[in-house]
Structure formats: C-alpha cells, structure tokens
Amino acid sequence: MDQRGITTPEVDWPARPDTSLALNRMGTFDWDLDSGQMHLDPTALEVLDLRPDEFTGTPAGLRIRLVSGEESRIDARVAQALKDGRSHYGAYFRSRSRDGTLGWTHIQGHILRDPRDGRPYRVIGILRDAAHDPVEPGAAGERNEGRRRMTGVVERTTAILAHARTVNDVTDVLKDPEALGHLGAVSVMLGVVDGARVHLVAEGQLGSYVPEIEYTRIDARFPMSEAVRTLQTVYVTSREEFQRSYPLLWPYIEPLDVRSGVYLPLIAQGRPVGALGLLYSRDGDFTTEERNVLVALGSGIAQSLQRAILFEQEHDLAEGLQRAMLPRRIPEVPGALIAVRYRAARMGRDIGGDWYDVIPLGEGRVGVVIGDVEGHDTDAAAVMGQLRIVLRAYIAEGHTPGTAMARASTFLRELATERFATCTYGEVDLNTGMLHLVRAGHLDPIVRRGDGSCHRIQVAGGLPLGLPAHDPPGTGTGYPVTSVELHPGDTLLLCTDGLTERRGDRADSGMREVMGAVRGGPVDVERLADVLCDLVGDAGGGDDMALLLLRRRGTPAPRGGGPLRHELAPGDPNGPALARHLIRAAVAAWGAREHADEIELAADELMTNVLVHTDGAGHVSLRLTAEGRIRIEVEDSSSALPHRREAGDWAVSGRGLLLVDRLADDWGVEPRGGGKCVWCEFIVPRRAG
C-alpha cells in the first residue's frame, strides 16, 4: 500500500538491474511517483558525474548536471507520456560534467500503472552515456530538434513583435519565458540608445537577473555599450572572460550561475537603436548555427523596437498638440465645484479629438462643454482645437445654447474637413439651479442627486456638428433645449464615449458600469473623477476619454414638487382655463392656497402674451423649487423678447408684465434655442410647526 492508502502491485523497490549494464555505461533509475523519491544506481551516478552525497534522492537533484532548459523539456516529455497513457518514453538531453564539459545522455523510462484504474505510480528506466553512439544518431536527432526549436522561437518571436506598437509591447515579449526561454538563456535584457547613453528598459527573469547600471555611457566598459559602439555582436564565453574584460560588470556576475553571454546590437536603417543581452549558465563558444539564429533574432527585434519608438514619438507629438488645445486651467466658479479629466488612448500614434471646456458667463451662470471630433489622428486634434475656440466664442458673445451649437455646426461644415463632431453644451444658472442642455449626437448627461439617486437626462438631440441641417428655414436651429433643475448637492456628469465603451461587451454594459460607479462613488468631484478614470485605467482603452463633473454647492434639500407641464395650442379656448385649474390645484397642494389668486393671475398674463403675441404653440410649466419657491415658466417659439411698458389710462394692453412685476417676487426672460422662456417666482412662507 502506498502513502495515499492505495494498494499497488508487489514489486521490489528499487529494481535490481543486470550488472552487465554497467559495462556499457548504462545506469538505472527507479522513480516512485507517489512519494517523489528517485533512486540512481552507482553507474547512473557515474554517467551524470554525481557523487552519492550530492544527489538528493529526487528528480530535482539532477538539476545541477542538466544544461539550462533541458529540465523543463524532459519534464514536459514525461508529463505528456503520462497524460497519453503510454508505457514508455525516451529522450536525449545535454548534461554538464563536473569540469564543465558538455555531453549527451540518453534516458529511457518504462511506466508502471495500476491494472485496476491505469493510474501511473512508478517509472523504471535507464540512463545511458550517448557520447559513443555510432555517428551519434540520437544526439544528432536531438541537435536537429534543438535547431528546429531555436528557429521556431525566432519565427514566433518575430511574428509576435510584428504587432508591437510601443516599447512596452516589445519588452513584454522579451520578458515572456515562453518566447525566449527555449533559447536556453537565464536572463534577457533590453537596452535602448538614448543620446550618448544606453538605457536599460527591461529584463526578463528566466532564472536570474544581472542588474547592469540603468544608464551607461556608450563609451563605457560594458558589453552592451560595446555592442552599440562597435555595431558588432559581443560574445563572452567564460566567467574568466567576464572578469577580465568587464571588471565593472563582474561584481554582479560573480554570485550568479552565469558562465557566458551574448550582446547583440539592434541596428535599424544602419544605426543602433539598442542592444539585447542574453546570459547563459553554460560555458563554451557559440556555434555558427547558434550565432546565425541570434543575429536573425536581433534583426527582428531591432525593426520592432525602432517601429515602437517612432510610434511613441509620433503619439507623444500628437498628444502634446491635443493637450495644448485643451484649457490650460479650469476657472473657479462661485457656487460650483468642477473636476475634469482626460485620458489618451495608448494605441501607437492614434489620438482622438475629445475635449472639454468651462466658460464663466457672469451673474452666477457657467457654461460646460464636452465633445468628440471624429477620427484618431493629429488632424482630429487640430479640428478639435478650432471647434472648441469657436464654440466658446459664440457662447461668450451671448448666443443662446441652440444658436451657438447651430453656428458651430455651420463653422465645422464650412471647414470642409469631412469631419463631424458630437457635443453637449450645458448652461447652468447657479442662483436658481436651472440647467439648459443642448445635445448634438452626443451621449446623454448623467445627474446624481444629493440623495444619492442617479439617472440619465433625456436631452432632445440634434445632428452631430458638421452635418447638414434638415430643418426648414425659419423653423429653428435644429438643436432644441432641454431644461432641468440642478438642486444644491446635485452633480452633473458629461463624458465622451471612451468612458463607456467596452470592447466585446454589450453596448450598454459600459454605461451601466459608469452609472454604478457614479451612484456608489464619493461625493467629492475630484475623487469621483479618479474613480471613473479607474474604469478605463491610466493607459486608456481603444479610444480617448474626456470627463467633466460639476457639483452645485449647497446642502442637499428635500426635492421640490412637480413639475406640472401643459401645452398651449393656438385657437384652443379651453387651454388656458384648464391650465389655470391645474395651477390652482397644485398651489393648494403645496400649501400656498392663500396665494392662489395672484399666482393664477400672473400665470394667466404670461399665457395670454404667448397666445396673443406669437404665432406658434407654447408650454406652461409649474414647479416647486428646492428653495421653496413656486416657479412658473411659459415657453414659446418667438425670439422677440418682451419688455415692460407703461400703459395709458385708456390703453387696452401693456399691463401684463406690469402686473407680473407687481405680483411676483421675481421674474425674468431667458432665450431658449429658437424661442424664449418668461418666468416668475413666488416665495411660499414656511408654515409654523
């Protein structure tokens, strides 16, 4: 019975081989798979040049005599035989004797399995000195296998490097044990030429790492510097040569199991771009075949490295151009806390035309913009800069949100760049909390209320900027305005699709992830912006990302009432009467019944102005603000702004706005896209108790 309680066939252990095997330098081994113990007879120990006290009694004890890379190859062969259910396996491998001499050894194993379930539990086999094989057929076969293996490594590595677009991509390939480990190296290092120095940018730990100085001068006495300086491959064939030729490096080499190395200059278009260092735990010169393979490998790496350096240089140039066209600083806005973020997509030289902007408008108002120009190149960044500046100018001139967006669209179309852009513009009155939004083919904004709830604002949208408008002349700008209220403590989020897109996922999965992060994120806008950026990471995804957060200052208050909204149709005699009835009922429900008459009268005057002085339809809305005011808004499609005038004693008109001014606590007019909004507010006294 073995140590796991399973009964195994009665076989003596260790096996007793025929002594005649020793005459042919054939030793035996007996490997108990359950316990992991391995027995080598004296001849097997002699074949591997091991003393009995050196051998630990496990397969790991053979490691000191195996050439680097051979142990993993033999392990893989045994594992495959066990997996395939085979009863035998065999392999040639390279071994190193005590004096460093390399030789060939052949191993052949017989796998014993439990007859009941086929479980392998023991391997009995032979270790044979293959140095005297006739014409070394086994060793030659092994060399052919090694040749194919090394050539395959070069081919696979070159194929992978063909897709590398950054220096990090190149170093990731070199640090992958699967990519270069089969070359037998115990350490791989990559240096990049940086002016008169060589910058060590990567090391692959395939057993050990020699920490050469991070920056070394090209004229310094280091093998990597010498390879770059002379444009010749540097071969170091022994530890003595390391010590003699490179005394500055020797203190790092001495404690390690490194006995040789090769340093390849990486040459592209006739000039050095870097050097590749490979260190080995074996002695001896490199064969012609090995040298040819290494030179071919260096050539492929050089081309990939130069391509990656050029991609990064071009990307940095384009990204610098893009950042220069973004606002250099975000102004402080009384009544609001604002945070912005930008992340570039790290895809070679590809960049996008994402932008944000914050525009102080005076009197407690501020404009916020988010946008994205189509395309990923320097031209997109240049168009973005022009579009940002012209949109900012239209807004600062006092144009309504819809008009400013329409003019920006015309400007982009007249540039004839064949580009379009998506954009959202929001204008916030931080005194009242009113937020007017215009959207041009962009993502809907998100608002997080002070109570933690989170939802998307459904903004009526127009076409992306730069596309021809389809509105008939004189019917509007093509960019309708959506108005909502931003209460104290509410946070508005504007972003580009680089934050919400997820490759390979459903279209709405990224938006759901963003909504969840906003809902559960910190209240502080700077910290919340960092949380959202973590969704895409510092390196960005496949697209650029711009983000703008605006939080209205103040303590979150209970939500206001309403809103009530009613359409006013021309020629409908019952429309105003129904609206008055709804207004009176809402005012009573909000505890202001004693003020119902003046509120109803003021609303009636505003509705009458729409029906009498404009040709189109209108809307009347009523709501209770978070500050406890009853607010009436009447919207129409006329851009003519009303003004209060003094009416004579016998005049039949002109008293409407005078009445509103006398009845209401505050009133005003706001341009909205192709029309306007006239509003008034009434302070509702708080009830005692």
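These notes cover the structure that comes with them. (Residues numbered from 1 in each chain as written. Predicted model: local features only at pLDDT ≥ 70, side-chain atom pairs only at ≥ 80, totals over all residues. Heavy atoms only, no water.)

**Things to note about the overall build of the chain**
Here is step 1 of the chain: Scanning the chain from terminus to terminus reveals 17 helices and 27 strands.
Here is step 2 of the chain: In the chain, which comprises 689 residues, the proportion classed as buried is 49%.
Here is step 3 of the chain: In the chain, of all internal contacts separated by at least 6 residues, the share reaching a separation of at least 24 is 62%.
Here is step 4 of the chain: Carbon and sulfur atoms provide 51% of the accessible area of the chain, an area that totals close to 32,600 Å². (Helix = DSSP H or I, 4+ residues; strand = E, 2+ residues; numbered from the N terminus. Buried < 20%, exposed > 50% of the residue type's maximum accessible area, 1.4 Å probe, protein only. Contact = heavy atoms within 4.5 Å. Areas by Shrake-Rupley, 256 points an atom, 1.4 Å probe, with all protein chains shown as cover.)

**Quick notes on a nonpolar patch on the surface**
Here is step 1 of the chain: Together, Phe420, Leu463 and Leu467 make up an exposed nonpolar region whose accessible area comes to about 210 Å².
Here is step 2 of the chain: Here Phe420 shows up in the loop between helix 12 (401-414) and strand 15 (421-429).
Here is step 3 of the chain: On the basis of relative accessibility, which here comes to 33%, the residue Phe420 falls in the partly exposed class. (Patch = residues over 30% accessible without salt bridge, like charges linked within 9 Å, V, L, I, M, F, W, Y side chains within 5 Å. Salt bridge = Lys/Arg side-chain N within 4 Å of Asp/Glu carboxyl O.)

**Here we look at the pairing of strand 24 (residues 618-624)**
Here is step 1 of the chain: Burial of strand 24 is extensive: six of the seven residues sit out of reach of the surface.
Here is step 2 of the chain: Bridging between strand 23 (residues 564-568) and strand 24 involves five bridges; their strand directions are antiparallel. Paired with Leu568 across the strands is Gly618, a residue of strand 24.
Here is step 3 of the chain: Note: strand 24 against strand 25 (residues 629-636), seven bridges, orientation antiparallel. Paired with Gly618 across the strands is Asp636, a residue of strand 25. (Pairing = 2+ DSSP bridges.)

**Here we look at the nonpolar core**
Here is step 1 of the chain: One finds Trp355, Leu387, Leu465 and Leu548 to be the most contacted residues of the largest nonpolar core, which totals 50 residues.
Here is step 2 of the chain: The leading source of residues in this core is helix 11 (residues 378-396), at eight residues.
Here is step 3 of the chain: Among the nonpolar cores identified, the runner-up in size contains 27 residues, and Leu606, Ile630, Leu657 and Cys680 belong to it. (Core = buried A, V, L, I, M, F, W, Y, C linked by side-chain atoms within 4.5 Å.)

**Let's talk about the sheet that holds strand 21 (residues 491-495)**
Here is step 1 of the chain: Judged by pairing direction, the sheet is antiparallel, and its five strands sit side by side in the order 12-22-21-17-18 without closing on themselves. Edge strands, defined here as strands with exactly one partner in the open sheet, are strand 12 (336-343) and strand 18 (454-456). Averaged over all pairs of adjacent strands, the angle between their axes in this sheet comes to 15 degrees, without regard to strand direction.
Here is step 2 of the chain: Here helix 14 (residues 525-534) sits on the sheet and contacts strand 12, strand 17 (446-448), strand 21 and strand 22 (545-552); the angle it forms with strand 12, its principal contact strand, is near 25 degrees. (Axes fitted to C-alpha atoms, helices over the stretch in contact; angles between N-to-C directions.)

**What to know about the sheet that holds strand 5 (residues 120-129)**
Here is step 1 of the chain: One open sheet holds the five strands; their spatial order is 2-1-5-4-3, and the pairing between them is antiparallel. Strand pairing shows two members of the sheet lacking a second neighbour, strand 2 (38-40) and strand 3 (88-96), which therefore form its edges. Taken over all neighbouring pairs, the strand axes of this sheet differ in orientation by 20 degrees on average, direction set aside.
Here is step 2 of the chain: Pairing between strand 1 (residues 26-32) and strand 5: seven bridges, direction antiparallel.

**Here we look at unusual backbone geometry**
Here is step 1 of the chain: Positive phi, normally seen in glycine, also occurs at Ala416, with a value near 55 degrees.
Here is step 2 of the chain: Residue class for Ala416 comes out exposed when judged on its relative accessible area of 63%.
Here is step 3 of the chain: We note that Glu418 has phi near 60 degrees; this positive angle belongs to a residue other than glycine.
Here is step 4 of the chain: For Glu418, the position within the fold is in the loop between helix 12 and strand 15.
Here is step 5 of the chain: Here Glu418 falls in the exposed class, since its relative accessible area comes to 78%.

**Some thoughts on the packing of helix 11 against helix 12**
Here is step 1 of the chain: Relative orientation of the contacting elements helix 11 and helix 12 amounts to 145 degrees, with a least axis distance of 9 Å. Classified by chirality, the crossing of helix 12 by helix 11 is right-handed. Note on element contacts: helix 12 touches helix 11 through Ala404, Met405, Arg407, Ala408, Phe411 and Leu412, opposite Val383, Gln386, Leu387, Val390, Leu391, Tyr394 and Ile395.
Here is step 2 of the chain: Residue composition of the contact of helix 11 with helix 12, by class: 11 nonpolar, one polar and one charged. (Left-handed = near helix turned anticlockwise from the far one by under 90°. Nonpolar A, V, L, I, M, F, W, Y, C, P; charged D, E, K, R; others polar.)

**A word on the side chain of Thr422**
Here is step 1 of the chain: Relative to the helices and strands, Thr422 resides in strand 15.
Here is step 2 of the chain: Using a relative accessible area of 15% as the deciding quantity, one classes Thr422 as buried.
Here is step 3 of the chain: Among the polar contacts made by the side chain of Thr422, one reaches the side chain of His442 at a distance of 2.8 Å.
Here is step 4 of the chain: Apart from residues no more than four positions distant in its own chain, Thr422 is found in contact with Trp355, Ile370, Gly371, Asp372, Ala440, Gly441, His442 and Pro464. (Polar contact = N/O pair within 3.5 Å; in protein donor to acceptor, adjacent residues only side chain to side chain.)

**Quick word on the packing of aromatic side chains**
Here is step 1 of the chain: Overall, the coordinates contain zero aromatic pairs when judged by the stated rule.
Here is step 2 of the chain: Its end group placed over the ring of Tyr235, Arg291 keeps NZ or CZ at 3.8 Å from the ring centre.
Here is step 3 of the chain: Between the NZ or CZ atom of Arg631 and the centre of the ring of Trp679, over which it lies, the distance is 4.3 Å. (Phe/Tyr/Trp six-rings, centres within 6.5 Å; stacked < 30°, edge-to-face > 60°. Lys NZ or Arg CZ within 6 Å of the ring centre and 35° of its normal.)

**A short note on the pairing of strand 14 (residues 365-373)**
Here is step 1 of the chain: Strand 14 sits mainly inside the fold: eight of its nine residues count as buried.
Here is step 2 of the chain: Here strand 13 (residues 353-362) runs beside strand 14; their pairing, made up of nine bridges, is antiparallel. Bridge pairing in strand 14 places Asp354 opposite Asp372.
Here is step 3 of the chain: The turn joining strand 13 and strand 14, which pair antiparallel and follow one another in sequence, is formed by two residues; a positive phi near 55 degrees is taken by Glu363.
Here is step 4 of the chain: Relative to strand 15, strand 14 runs antiparallel, the two sharing nine bridges. Considered in strand 15, the bridge of Val368 is made with Gly426.

Spatial relationships are all this shows, so hold off on functional conclusions.
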